[in-house]
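# Residue-level structural notes
If you want the building blocks of each chain, they are given just below.
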Amino acid sequence: AANAQKIIVFGARSESDLFYLDELRAIPNTKLVLIVQNPSPDWKGPTGLVTDVLARSKITRFNEIYTCGSPGMVEAVRQAAITKKFPEERIFADFFAAAPSASKPAVKIAAPVEDSDTEEETSEAPSEISSARASAKKADRPAESRAPRRSAPAPKTNPAPAPLASRFDVMVAMRQVHYFSSVMVCALILFFAGTGFIANHTDWFIAEESSVSTAGIRALPESANKDEVQPLELCKALFPAALAVEPLPGEDRPSFLVRESESVIHRCEINVENREAQIRPLFALTPTLMTADDKVLMAALVELQGGEINDKSIETGQGTLAFDVESVWHYSNFFVYRTLGFYSVIRTPVPLAKSFSDLHRGKHANVVQSFIMDIASLALVIVALTGTVIGLQVVRRRRSTLIIIAVSCVSLFYLLLHR
């Protein structure tokens, strides 16, 4: 690819053996690293062999290595790369030897083949290694005396492939999508996996349903006697400073509307048998809701609290309306006094494990919760597909990837056939 980042490592015995440096530096998107084996005192660059640079480099299976030089150097680079577990099929080479003449061998510099990685590597992470060792060329030496020739036997090399820029660009994009989709929604994916496990083993985490209610309970006075004291008197005894205490119609037990102030209103239900009173706060209905039909009224109240209406729980009476609302975190019992313009609500918390199970299934979830779970599900699909494509493109992992895909498909068919 024209925009691929390249690093050329040029090794020589001494500084005088380095040549064509300006031409090498002029190659686009290329970094030149010079290393000398026997430097002079004035040399300030790295010393050693090209294999020393490779040993210090961080290379990945997505890079490619191209070598050019003597057969010994080419084989040394190949062995050094294999030692770093670099794929041998991504190592390409061209070697040369001096012609049988008195002239010193010249170096044939191959045109650099560009890597497909889009990220520029540092000197510690070359994506392309090209090296040559030769004596200094003489300006007046005839070209015929410098003709290179092949030596035998040749080390094990692979022919340079034709440019496959489009394929590698697609693979780079696949890796980036796989990486970012995994990292950005990592917490959601883990949560989705955890809630799925809880949903599959709900009985492990939920012993029994909770019966805790947010309605306040007050004990009746010790003098209370169901045969002697009227419920109205008991309610007034509980709220001695109340502005007014009025009976509520349509109740199974004696219930009263208690006005402690203009803005604080309660519903008080007297249970003489258990010697207790259940206190619920009452909330005022807007004039619009007071005249609305039942469906509009229930929809408005559910929108304030969140959740889904249990259709089987709807009960209507003379001037009253009762229904239950189920949400992820709690159950709510609504009781509406249309004639008085008030409604009460009792919330019962849901066990945490059951809430997680409902979230995983999307049951009783509101708009935001459903959107978050949809994003997590979409991310799982992206991660699975991009991971499969990447696994199939890597030769060493293709077989294991196919085995995993086959096991996954068999598991899916088993789940579908044994519903």
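Heads up: these notes are all about the structure in this document. (Residues numbered from 1 in each chain as written. Predicted model: local features only at pLDDT ≥ 70, side-chain atom pairs only at ≥ 80, totals over all residues. Heavy atoms only, no water.)

## Digging into the pairing of strand β3 (residues 65-69)
- Taking burial as the measure, the five residues of β3 include five buried ones, the bulk of the element.
- Burial of the side chains of β3 extends over both faces: Ile-65, Thr-67 and Gly-69 are buried on one face and Tyr-66 and Cys-68 on the other. (Buried < 20%, exposed > 50% of the residue type's maximum accessible area, 1.4 Å probe, protein only. Helix = DSSP H or I, 4+ residues; strand = E, 2+ residues; numbered from the N terminus.)

## Some points on the packing of aromatic side chains
- Taken as a whole and judged by the stated rule, the model has nine aromatic pairs.
- Note on Phe-10 and Phe-19: the rings are 5.6 Å apart at their centroids and 90° apart in plane angle, and the pair reads as edge-to-face.
- Its relative accessible area of 3% is what places Phe-10 among the buried residues.
- Grouping aromatic residues by their ring pairs yields a cluster made of Phe-283, Phe-323, Phe-334 and Tyr-343. (Phe/Tyr/Trp six-rings, centres within 6.5 Å; stacked < 30°, edge-to-face > 60°.)

## A look at helix α3 (residues 71-83)
- Taking 1.5 Å of rise per residue, the 13 residues of α3 would be expected to cover 18 Å, and the 18 Å separating its terminal C-alpha atoms lies within 8% of that figure.
- Buried within α3 are the following residues: Met-73, Val-74, Val-77, Arg-78, Ala-80 and Ala-81. Viewed along the axis of α3, the buried residues span an arc of 165°, placing them on a single side of the element. Exposed positions of α3 whose direction lies more than 90 degrees from the buried face are Gly-72 and Thr-83.
- Looking at the buried side of α3, the elements it contacts are α2 (50-56), β3 and β4 (91-95). (Expected span 1.5 Å × (residues − 1). Arc of directions from axis to C-beta. Contact = heavy atoms within 4.5 Å.)

## Considering the packing of helix α5 (residues 186-200) against helix α10 (residues 352-361)
- Between α5 and α10, the least distance of the axes is 8 Å, while the angle of their chain directions is 115°. Accordingly, the angle class assigned to the pair α5 and α10 is roughly perpendicular. The way α5 lies across α10 gives a crossing that is left-handed. Together, Phe-191, Phe-192, Thr-195, Gly-196, Ile-198 and Ala-199 of α5 and Ala-353, Phe-356, Ser-357, Leu-359, His-360 and Arg-361 of α10 make up the contact between the two elements.
- When its residues are assigned to classes, the contact of α5 with α10 shows seven nonpolar, four polar and one charged. (Axes fitted to C-alpha atoms, helices over the stretch in contact; angles between N-to-C directions. Parallel < 35°, antiparallel > 145°, perpendicular 65-115°, else oblique. Left-handed = near helix turned anticlockwise from the far one by under 90°. Nonpolar A, V, L, I, M, F, W, Y, C, P; charged D, E, K, R; others polar.)

## Quick notes on the nonpolar core
- Val-9, Val-50, Leu-54, Ile-65, Val-77, Ala-81 and Phe-86 are the most contacted members of the largest nonpolar core, which has 17 residues in total.
- Where this core is concerned, the elements lending two or more residues are β1 (6-12), β2 (30-36), α2, α3 and β4.
- If you tally residues by element for this core, the top one is α3, at five residues. (Core = buried A, V, L, I, M, F, W, Y, C linked by side-chain atoms within 4.5 Å.)

## A look at unusual backbone geometry
- Phi angles above zero are rare outside glycine, and Asn-29 is one such case at about 55°.
- Tracing the backbone through its elements, the reader meets Asn-29 in the loop between α1 (21-25) and β2.
- Judged by its relative accessible area of 30%, Asn-29 is partly exposed.
- Backbone geometry at Lys-85 places phi at a positive 60°, although glycine is not the residue there.
- Within the secondary structure, Lys-85 is located in the loop between α3 and β4.

## Brief notes about the packing of α5 against helix α11 (residues 367-393)
- Viewed as axis vectors pointing N to C, α5 and α11 meet at an angle of 100°, and their least axial separation amounts to 9 Å. Classified by the angle their axes make, α5 and α11 are roughly perpendicular. Contact residues: Leu-188, Ile-189, Phe-191 and Phe-192 in α5; Ile-372, Met-373, Ile-375, Ala-376, Ser-377, Ala-379, Leu-380 and Val-383 in α11.
- Of the residues that constitute the contact of α5 with α11, the class distribution is 11 nonpolar, one polar and no charged.

## Here we look at the environment of Ile-270
- Mapped onto the elements of the fold, Ile-270 is located in strand β8 (residues 265-271).
- Looking at Ile-270, the relative accessible area reads 1%, which means it is buried.
- The spacing of Ile-270 and Ala-219 is 51 residues in sequence and 9.8 Å in space, taken between C-alpha atoms.
- Aside from chain neighbours lying at most four places away, what touches Ile-270 is Leu-220, Pro-231, Leu-234, Cys-235, Leu-238, Arg-253, Pro-254, Phe-256, Glu-276 and Ala-277.

## Looking at helix α7 (residues 231-238)
- Within the span of α7, buried status applies to Pro-231, Leu-234, Cys-235 and Leu-238. The buried residues of α7 occupy one face: seen down the axis, they fall within an arc of 100°.

## Notes on the environment of Val-336
- Looking at the element boundaries, Val-336 is found in strand β12 (residues 330-337).
- The spatial distance from the C-alpha of Val-336 to the C-alpha of Leu-321 is 5.0 Å, given a sequence separation of 15 residues.

## Examining the pattern of salt bridges
- The full count for this structure, using the stated rule, is eight salt bridges.
- The salt bridge involving Arg-259 is made with Glu-246; its shortest N-O contact spans 3.7 Å. In this pair, Arg-259 is assigned in strand β7 (residues 255-259) and Glu-246 in strand β6 (residues 244-247), connecting sequence segments 13 residues apart.
- Arg-259 sits in the partly exposed class, given a relative accessible area of 26%. (Salt bridge = Lys/Arg side-chain N within 4 Å of Asp/Glu carboxyl O.)

## Let's talk about the environment of Thr-60
- Relative to the assigned elements, Thr-60 resides in the loop between α2 and β3.
- Owing to a relative accessible area of 31%, Thr-60 belongs among the partly exposed residues under this scheme.
- When the C-alpha atoms of Thr-60 and Phe-86 are compared, they prove to be 6.9 Å apart, with 26 residues separating the residues in sequence.

## Comments concerning the side chain of Thr-30
- Checked against the element boundaries, Thr-30 lands in strand β2.
- A polar side-chain atom of Thr-30 sits 3.3 Å from the main-chain carbonyl oxygen of Ile-27.
- Here the side chain of Thr-30 touches Pro-28 through a polar contact of 3.0 Å, landing on its backbone oxygen.
- Residue contacts for Thr-30: discarding those within four places in its chain leaves Lys-6, Ile-8 and Leu-24. (Polar contact = N/O pair within 3.5 Å; in protein donor to acceptor, adjacent residues only side chain to side chain.)

Shape descriptors only; they carry no functional weight alone.
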